Amino acid sequence: MEAMTTITASLIDRGLEDYMLETAMLKVFTTERLWECINDVFQIYGGSAYFADRPLERMMRDARINQIGEGANEVLTSFVALVGMRGPGMEFKEIYDTMVKPTRERGFAKAWTAGKHRLSATVRVPEIPVHSPELRLFANQLGRLIWRFNIAVNRALITYREPILDMQLVQERIANAVMDLFAATCVLSRRDAELQLAQRNGSSSAPEQLAADLFLRQSFRRIRGFLAGLTDNDDKSVLATANSVLGKPAR
Ligand SMILES: Cc1cc2nc3c(=O)[nH]c(=O)nc-3n(C[C@H](O)[C@H](O)[C@H](O)COP(=O)(O)OP(=O)(O)OC[C@H]3O[C@@H](n4cnc5c(N)ncnc54)[C@H](O)[C@@H]3O)c2cc1C
């Protein structure tokens, strides 16, 4: 949470003009994690957590509003997925429009550029630059996950096309994956900076690494799970059950 906040703030300080996506990801990711922390602490303190002379019951109430206020997390989750996919979606539209109407003005040139972008995202595994050799393995894993994420987004856009705008179960997995990719990138960047600082200060032993390592491992595992869920899920059954409970005809 700290790493994401620092990186997002530094992007804004360095003049990034459009930071809607970064701030939306920061808001959703950190408010969900804060809620998990408070909920766990509450359980650890047991019944005594309820006593109003302790700070926990107040913390629980205050942490919960963060998931609702300043943009409810469900709404922002859809926002992250849809705004994030807008660029690739427009590129696919160029290709599709040219295929159905090859005579459209400059259609072939636009479709060619769009096709090259889409293709390079699926062919090339991005290199994540890190200065510290001990982080190279994590950087390589992150690069491969970004590559897999690109392929998964391409596949979702090709499979669902415009109806994806209403498919919040799909949007949620894509948004959750990209929020963890952003969080992992921020943690890796901060860890790299800490290691480099220790080296510059002549410290013989590297500062504590366990928490960052654990976060990256768990984040990568979550990302793999979100991406797997795009093709292996119970969505049809979930929607059929919801429609049945709401008395709506099955779609
Ligand atoms: C203590 C407190 C302080 C507040 N202070 C302020 C303030 O200072 N200024 C201010 O402007 N407002 C304030 N609010 C209001 C707050 O911003 C709203 O409660 C918040 O935006 C959610 O709107 P809502 O309550 O109408 O819920 P709704 O918008 O009705 O949402 C209810 C539920 O439905 C979900 N939902 C809604 N739309 C979608 C969708 N499209 N897809 C999926 N799920 C969806 C939401 O995520 C939520 O879980 C405050 C609220 C509280 C409780």
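About the cut-offs
- Residues numbered from 1 in each chain as written.
- Predicted model: local features only at pLDDT ≥ 70, side-chain atom pairs only at ≥ 80, totals over all residues.
- Heavy atoms only, no water.
- Helix = DSSP H or I, 4+ residues; strand = E, 2+ residues; numbered from the N terminus.
- Contact = heavy atoms within 4.5 Å.
- Areas by Shrake-Rupley, 256 points an atom, 1.4 Å probe, with all protein chains shown as cover.
- Lys, Arg positive; Asp, Glu negative; His and termini not counted.
- Charge placed at Lys NZ, Arg CZ, Asp CG, Glu CD.
- Core = buried A, V, L, I, M, F, W, Y, C linked by side-chain atoms within 4.5 Å.
- Buried < 20%, exposed > 50% of the residue type's maximum accessible area, 1.4 Å probe, protein only.
- Near = heavy atom within 4 Å.
- Polar contact = N/O pair within 3.5 Å; in protein donor to acceptor, adjacent residues only side chain to side chain.
- Axes fitted to C-alpha atoms, helices over the stretch in contact; angles between N-to-C directions.
- Parallel < 35°, antiparallel > 145°, perpendicular 65-115°, else oblique.
- Left-handed = near helix turned anticlockwise from the far one by under 90°.
- Nonpolar A, V, L, I, M, F, W, Y, C, P; charged D, E, K, R; others polar.
- Salt bridge = Lys/Arg side-chain N within 4 Å of Asp/Glu carboxyl O.
- Expected span 1.5 Å × (residues − 1).
- Bend = angle between axes of the 7 residues up to and from the residue.

1. Focus on the overall build of the protein
Scanning the protein from terminus to terminus reveals 9 helices and 0 strands. The order of helices and strands in the protein, counted from the N terminus, is α-α-α-α-α-α-α-α-α. The principal-axis extents of the C-alpha atoms in the protein amount to approximately 70 × 60 × 35 Å. Excluding contacts between residues fewer than 6 apart, the proportion of contacts in the protein whose partners are at least 24 apart in sequence is 68%. By element, 58% of the accessible surface of the protein is carried by carbon and sulfur atoms, the whole surface being about 16100 Å². Computing the positive centroid from 32 side-chain charges and the negative centroid from 30, the protein places the two 6 Å apart.

2. As for the nonpolar core
By size, the foremost hydrophobic cluster in this structure holds 44 residues, and its most contacted members are Ile174, Leu188 and Phe220. Residue assignment for this core shows that the elements contributing at least two residues are helix H1 (2-13), helix H2 (20-45), helix H4 (73-100), helix H6 (136-160), helix H7 (168-200) and helix H8 (210-229). Ranked by residue count, the leading element in this core is H7, at 13 residues. Trp35, Ile38, Phe42 and Ala49 belong to the second-largest nonpolar core, a separate cluster that totals 7 residues.

3. A look at the site of the ligand
Near the ligand you find Ile65, Ile68, Ala72, Glu74, Val75 and Gln168, and these make up its full shell. One of the side-chain nitrogen or oxygen atoms of glutamate 74 is found 2.5 Å away from an oxygen atom of the ligand. Glutamine 168 places a polar side-chain atom, nitrogen or oxygen, 3.1 Å from a nitrogen atom of the ligand. Against a free-state accessible area of 960 Å², the protein chains account for coverage of 28% of the ligand.

4. Examining the packing of H2 against helix H3 (residues 56-65)
The N-to-C vectors of H2 and H3 enclose an angle of 155 degrees; their axes lie 9 Å apart at closest approach. Classified by the interaxial angle, the pair formed by H2 and H3 is roughly antiparallel. Pair H2 / H3 crosses with left-handed handedness. For the pair H2 and H3, the contacting residues are Leu34, Trp35, Ile38, Asn39, Val41, Phe42 and Tyr45 in the first and Leu56, Glu57, Met59, Met60, Ala63 and Arg64 in the second. In the contact of H2 with H3, the residues fall into 10 nonpolar, 1 polar and 2 charged.

5. As for the pattern of salt bridges
This model, assessed by the stated rule, comprises 7 salt bridges. Between glutamate 2 and arginine 190 there is a salt bridge; the shortest N-O distance is 3.1 Å. Taken as a pair, glutamate 2 in helix H1 and arginine 190 in helix H7 lie far apart in primary sequence, 188 residues in all. The partner of arginine 58 in a salt bridge is aspartate 62, and the shortest N-O contact between them spans 2.9 Å. Of the two residues, arginine 58 and aspartate 62 are both situated in helix H3; the distance of 4 residues between them amounts to about one turn of the helix.

6. Considering H4
End to end, H4 covers 38 Å across 28 residues, agreeing with the expected 40 Å (1.5 Å per residue, within 8%). Along its length, H4 reaches its greatest deviation from straightness, about 45 degrees, at arginine 86, and the proline proline 88 lies no more than four positions downstream.

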